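Per-entry structural report
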Amino acid sequence: MSVREEFDDWATDGRDKGMEERHWHTAKHVLARMPIEAGETVLDLGTGSGYALRALKETKSIGRGYGLDGSPEMAANAADYTDDDSIGFLIGDFDSLPFADNSVDHVFTMEAFYYAADPAHTLEELQRIIRPGGAVYCAVNYYEENVASHSWQDNISVAMTRWSRDQYRDAFREAGFHVAEQDTIPDLEIEIPPESAFPTDRWETRDAMIDRYRTWGTLLTVGVVP
Amino acid sequence: MSVREEFDDWATDGRDKGMEERHWHTAKHVLARMPIEAGETVLDLGTGSGYALRALKETKSIGRGYGLDGSPEMAANAADYTDDDSIGFLIGDFDSLPFADNSVDHVFTMEAFYYAADPAHTLEELQRIIRPGGAVYCAVNYYEENVASHSWQDNISVAMTRWSRDQYRDAFREAGFHVAEQDTIPDLEIEIPPESAFPTDRWETRDAMIDRYRTWGTLLTVGVVP
Amino acid sequence: MKESLLDIICCPIDKHDLELEVDEKDGDEIISGTLTCPECGETYPIEDGIPNLLPPDMRDEVTA
Amino acid sequence: MKESLLDIICCPIDKHDLELEVDEKDGDEIISGTLTCPECGETYPIEDGIPNLLPPDMRDEVTA
Ligand SMILES: Nc1ncnc2c1ncn2[C@@H]1O[C@H](CSCC[C@H](N)C(=O)O)[C@@H](O)[C@H]1O
Ligand SMILES: Nc1ncnc2c1ncn2[C@@H]1O[C@H](CSCC[C@H](N)C(=O)O)[C@@H](O)[C@H]1O
């Protein structure tokens, strides 16, 4: 199945909003760290509901925010959720970014990068479109050290890339970025039920749930264009 | 009074250890984010007790760690606290760094940078000694937005520079760094007593204490050498 | 989409600038139209205000 | 200090490489000695294993 088929379904059954709510627990911390100046142009790669751009407009007064998504239904929903003139959405693929060289200041991407058909090439594309000194903030919950995430592929038809922390740093450098930061950001807001509630439908043990959310959470890798 | 006189006193009355304990609440998060590879060389500017280098040796297997401090007593204490062969200390001043061009991979500095006599020049010096792609992680509790910190100058004989978040970013760029990140890191570990305990010796109101530690905490600015 | 988007988008295949043909507008907002790459001749539709810049083979993967 | 520190330190004033003269050693560790800048002639002491690379005017600010 294609990105479009898989994620059009997600968008039409409301999973875009569900992700926004859950990802916000950590995405807000990622967004807050970005070295964005008022008036700058930010790209949100795999934008889903487009919440990141709405937040950056409010908190950092971005000049323009563009959300790219491979799913037409996601892009249509995202466009519906805002009427801000400085925010726009487009349909496109991670593998062939439709942006000119040095055309964006910074890129944010949350829980999307690993769906790229060729992630090393996507990084080269990002290196091409971000201006010197601009940053890409790449946040993923699906990665090698986050063991609880390994099974996610079973329920998703699009092939996912599962890199380790080291592999992320290496790949960013290979594509020409300086790696400026790597961090794991815990989700401190998700409610973890008391011991007596386990096993639950999703979690064998309370420790496994803690490990997933509080210990590993989201892997953030920050690359800067030299 | 000079840096040496002021901080030699701190070292001899044990304030180096007191700072280590308090700063660790936030410093550990800063250190964890640094994009350090095993074997790299890290400089700790204004090292105090030298805890940062001891931690980086354990967690990131740095190849060499050097702590610079303007206070001979601080450096002597720091050297006493470790017998690791790959960690060394030296006496020097922020304004005339005794390191060759491109000689260190990354720099960490916690609660020290604003004591520089000429902080813009210290940034130029850092830009000179860090290799291309290397990062400086500069963490300060004394900054404009952290209103509770404003009075600290009254008790310290060395002149302190109080920049705002914006001024930090501007100064880093002026010195030739790309700004890769800026963040405020709360101290979530310091105990904030219940309402009934206020006013305390140090805090008029509970809200003021919350504002200082949980809202503002530590300002981190990350610069990367192009 | 707004016309200002043209400053930064390009043909996903050869990265050439695109030319805009507007079919329908609502104020500033281009509701439908076509983006054409003068280099390779590919065209990209704008529908419901959203440009579709998928490479043509991916765009046509699913029949709408 | 270890001799390997010489790879990265320099004269704080003119940033020239320094020359090492060892007075006392304990295994690998240089306990006391002198670092000299062949460019400007300044000398920097190593005492209790710690090199003092303050610019000379700052070093002499306080009488020990
Ligand atoms: N190859 C690809 N090209 C473009 N978009 C893709 C893609 N693979 C996945 N996506 C999009 O990436 C998104 C991943 S879901 C994450 C959405 C959002 N960033 C959030 O944090 O909630 C989906 O909207 C999906 O359509
Ligand atoms: N101009 C200067 N040059 C070198 N060191 C300086 C300096 N001004 C202040 N310092 C040093 O910077 C330190 C600040 S206290 C912070 C110590 C340690 N980084 C910690 O987090 O606990 C002191 O040890 C002081 O001696």
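Being a predicted model, the structure only gives us computed values, none of them experimental. (Residues numbered from 1 in each chain as written. Chains lettered and ligands numbered in written order. Predicted model: local features only at pLDDT ≥ 70, side-chain atom pairs only at ≥ 80, totals over all residues. Heavy atoms only, no water.)

1. A short note on the site of ligand 1
All names here are of chain A. Among the 19 residues in the neighbourhood of ligand 1, the closest are listed as His 23, Gly 46, Tyr 51, Asp 69 and Gly 70. One nitrogen or oxygen atom from the side chain of His 23 is found 2.9 Å from an oxygen atom belonging to ligand 1. At 2.5 Å from an oxygen atom of ligand 1 is found a side-chain nitrogen or oxygen belonging to Asp 69. The protein chains hide 99% of the 570 Å² of surface that ligand 1 would expose on its own. In the shell around ligand 1, the residues fall into nine nonpolar, seven polar and three charged. (Near = heavy atom within 4 Å. Polar contact = N/O pair within 3.5 Å; in protein donor to acceptor, adjacent residues only side chain to side chain. Areas by Shrake-Rupley, 256 points an atom, 1.4 Å probe, with all protein chains shown as cover. Nonpolar A, V, L, I, M, F, W, Y, C, P; charged D, E, K, R; others polar.)

2. Side note on the interface of chain A and chain C
In many analyses, interface size is given as the accessible surface area lost on bringing the parts together. With 25 residues of chain A in contact, the opposing surface of chain C contributes 19 residues. When the two sides are added together, the surface that chain A and chain C hide from each other amounts to roughly 1,900 Å², 63% of it contributed by carbon and sulfur. When residues of chain A are sorted by the area they lose upon contact with chain C, A:Arg4, A:Ile91 and A:Pro98 head the list and together hold 29% of the total. Our enumeration of links across chain A and chain C arrives at three salt bridges. Residue C:Asp7 pairs with A:Arg64 through a salt bridge whose shortest N-O separation is 2.8 Å. Counting every contact that joins chain A to chain C gives nine residue pairs in polar contact (both at pLDDT 80 or more). At the level of elements, helix 1 (3-12), strand 2 (64-69), helix 4 (72-80), strand 3 (87-91) and helix 5 (119-129) of chain A are the ones that each hand at least two residues to the side of chain A that touches chain C. For the side of chain A that touches chain C, the residue count by class is 12 nonpolar, six polar and seven charged. (Contact = heavy atoms within 4.5 Å. Buried area = accessible area lost by both parts, 1.4 Å probe. Salt bridge = Lys/Arg side-chain N within 4 Å of Asp/Glu carboxyl O. Helix = DSSP H or I, 4+ residues; strand = E, 2+ residues; numbered from the N terminus.)

3. Section: the interface of chain B and chain D
Counting residues at the interface gives 25 residues for chain B and 19 residues for chain D. When the two sides are added together, the surface that chain B and chain D hide from each other amounts to roughly 1,900 Å², 63% of it contributed by carbon and sulfur. In this structure, the connection of chain B to chain D is made through three salt bridges. Between D:Lys15 and B:Glu125 there is a salt bridge, with the nearest N and O atoms lying 2.6 Å from each other. Linking chain B to chain D there are nine residue pairs in polar contact (both at pLDDT 80 or more).

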